[in-house]
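Overview (structure and organization)
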Amino acid sequence: ERVVHTLSCLRRHARDRDLDLSNSYYWVCAFSIDQNRLKEEVYDVPLEKTSFYRALMATKGTVAVIDGAGEYFQRLWCGFELYVTTLGRAAHYFD
């Protein structure tokens, strides 16, 4: 159900931004980082070397898919994502 909701939101985002889905790509953190190896992938690595940070720096923007409870705003990494995207070195759009 969450995957279906996420895909629906991303399709809507692409439509709202008038993106061509044949050459537009979304990097989904939850699917890209091995959640069973967070220590090795995130915590034992300098921040600038994590795949999470590198992906933020390589993007044109960030899309936050927020659930009905608004849990996104309670998570530290999500706050960091928002900061890097809007005020930090990436300075891209945030939807």
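All values derive from a computational prediction rather than experimental measurement. (Residues numbered from 1 in each chain as written. Predicted model: local features only at pLDDT ≥ 70, side-chain atom pairs only at ≥ 80, totals over all residues. Heavy atoms only, no water.)

What follows concerns helix α4 (residues 51-58). Along α4, the residues that are buried comprise Phe52, Tyr53, Ala55 and Leu56. Looking straight down α4, one finds its buried side chains confined to an arc of 160°; they lie on one side. The inward-facing, buried residues of α4 abut α2 (29-32), β1 (61-62) and α5 (76-86). (Buried < 20%, exposed > 50% of the residue type's maximum accessible area, 1.4 Å probe, protein only. Helix = DSSP H or I, 4+ residues; strand = E, 2+ residues; numbered from the N terminus. Arc of directions from axis to C-beta. Contact = heavy atoms within 4.5 Å.)

Before going further, it helps to spend a moment on the packing of aromatic side chains. What characterises a pair of aromatic rings is the spacing of the ring centres plus the angle enclosed by the ring planes. Across all of its chains, the model carries two aromatic pairs by this definition. Between Tyr72 and Phe73, the ring centres sit 5.2 Å apart and the planes meet at 85°, which makes this aromatic pair edge-to-face. (Phe/Tyr/Trp six-rings, centres within 6.5 Å; stacked < 30°, edge-to-face > 60°.)

With that settled, the discussion passes to the side chain of Glu81. Within the element layout of this structure, Glu81 appears in helix α5. In this structure, Glu81 is buried with no salt-bridge partner, the nearest side chain bearing the opposite charge being Arg75 at 10 Å. At 2.7 Å, the side chain of Glu81 and the side chain of Tyr72 are in polar contact. Once you skip the residues sitting within four places of it in the chain, Glu81 turns out to touch Phe52, Leu56, Thr62 and Tyr72. (Lys, Arg positive; Asp, Glu negative; His and termini not counted. Salt bridge = Lys/Arg side-chain N within 4 Å of Asp/Glu carboxyl O. Polar contact = N/O pair within 3.5 Å; in protein donor to acceptor, adjacent residues only side chain to side chain.)

Moving on: the nonpolar core. Core analysis: the biggest nonpolar cluster contains seven residues, these being Ile33, Val42, Phe52, Tyr53, Leu56, Phe80 and Val84. Those elements that place two or more of their residues in this core are α4 and α5. (Core = buried A, V, L, I, M, F, W, Y, C linked by side-chain atoms within 4.5 Å.)

What follows concerns the packing of α4 against α5. The interhelical angle for the contact between α4 and α5, taken along N-to-C directions, is 30°, at an axis separation of 10 Å. By the angle class used here, α4 and α5 are roughly parallel. In this structure, α4 crosses over α5, and the sense of that crossing is right-handed. On α5, the residues touching Phe52, Tyr53, Leu56 and Met57 of α4 are Trp77, Phe80, Glu81, Val84 and Thr85. Its residues assigned to classes, the contact of α4 with α5 shows seven nonpolar, one polar and one charged. (Axes fitted to C-alpha atoms, helices over the stretch in contact; angles between N-to-C directions. Parallel < 35°, antiparallel > 145°, perpendicular 65-115°, else oblique. Left-handed = near helix turned anticlockwise from the far one by under 90°. Nonpolar A, V, L, I, M, F, W, Y, C, P; charged D, E, K, R; others polar.)

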